[in-house]
Amino acid sequence: MEPLKEARNRVEGSSSSDNSNGRTSGGGRRSPTNCLIKPPVKKNTIPIDLKLHNDIRAVERARFAHQVAEKRRLIKQYKMERERQQKLEEQEEIKRLRKELIPKAQLMPYFDRPFVPRKSEKQPTVPREPKFCIPRHKTIRCCRRSCNDMSGPSQLQHLPSSVEKTEALYKNRGLQ
């Protein structure tokens, strides 16, 4: 409301000053520029900063990438420190072993008493003859039917086994 009152006061003030000068235009009418009431002037609008989700996400992602890089750097530094400690421990171990494992001279053997082996108290082994026969339960039994035997009752043909063959060889040579 105040801007309206100010505009009316201006118009009224300007009309009184015009009358005092004795200027009236066209039969006492006011000039068209003086009669218009100007609307109150609005303040300029201030734009609000837009916060896009992409911008927020980019900031969060940058922060996360920084944390990951920091973590990797710490892990790398920890590994290097651990390797350095391990090398130092190995070097200390090597130094300790070198001190302990100094070669020492061995005592000279006594050559004034000659070595005489003693007779063994065990009985000598008794040799046994080798067994050339294979037990019956370990032999392969080979049985065949001939074509002629198919019509009649089943008759098994007996083929000589390897045991019988070896026994026959020994008998022929006169070894048994």
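The rules behind each value
Residues numbered from 1 in each chain as written. Predicted model: local features only at pLDDT ≥ 70, side-chain atom pairs only at ≥ 80, totals over all residues. Heavy atoms only, no water. Helix = DSSP H or I, 4+ residues; strand = E, 2+ residues; numbered from the N terminus. Buried < 20%, exposed > 50% of the residue type's maximum accessible area, 1.4 Å probe, protein only. Salt bridge = Lys/Arg side-chain N within 4 Å of Asp/Glu carboxyl O. pLDDT = per-residue confidence, 0-100. Contact = heavy atoms within 4.5 Å.

Participant: Whenever I open this one, the overall build of the protein chain confuses me. Can you help?
Facilitator: The secondary structure content of the protein chain amounts to 4 helices and 2 strands. Counting from the amino terminus, the protein chain carries its helices and strands in the arrangement α-α-α-β-β-α. Within the protein chain, the fraction of its 176 residues that count as buried is 4%.

Participant: How should I be thinking about the pattern of salt bridges in this particular structure?
Facilitator: Note on pairing: side chains with opposite charge can pair once their charged atoms come close. Under the counting rule described, the total for this entry stands at 4 salt bridges. One salt-bridge network, in which partners are shared between bridges, spans E93, R96 and E100.

Participant: How should I be thinking about the confidence of the model for the protein chain in this particular structure?
Facilitator: With 67% of its residues at a pLDDT of 70 or more, the protein chain has an overall mean of 76. In the predicted structure, residues 16-25 sits below a pLDDT of 50 and forms 5 contacts with residues beyond four places in sequence or in another chain.

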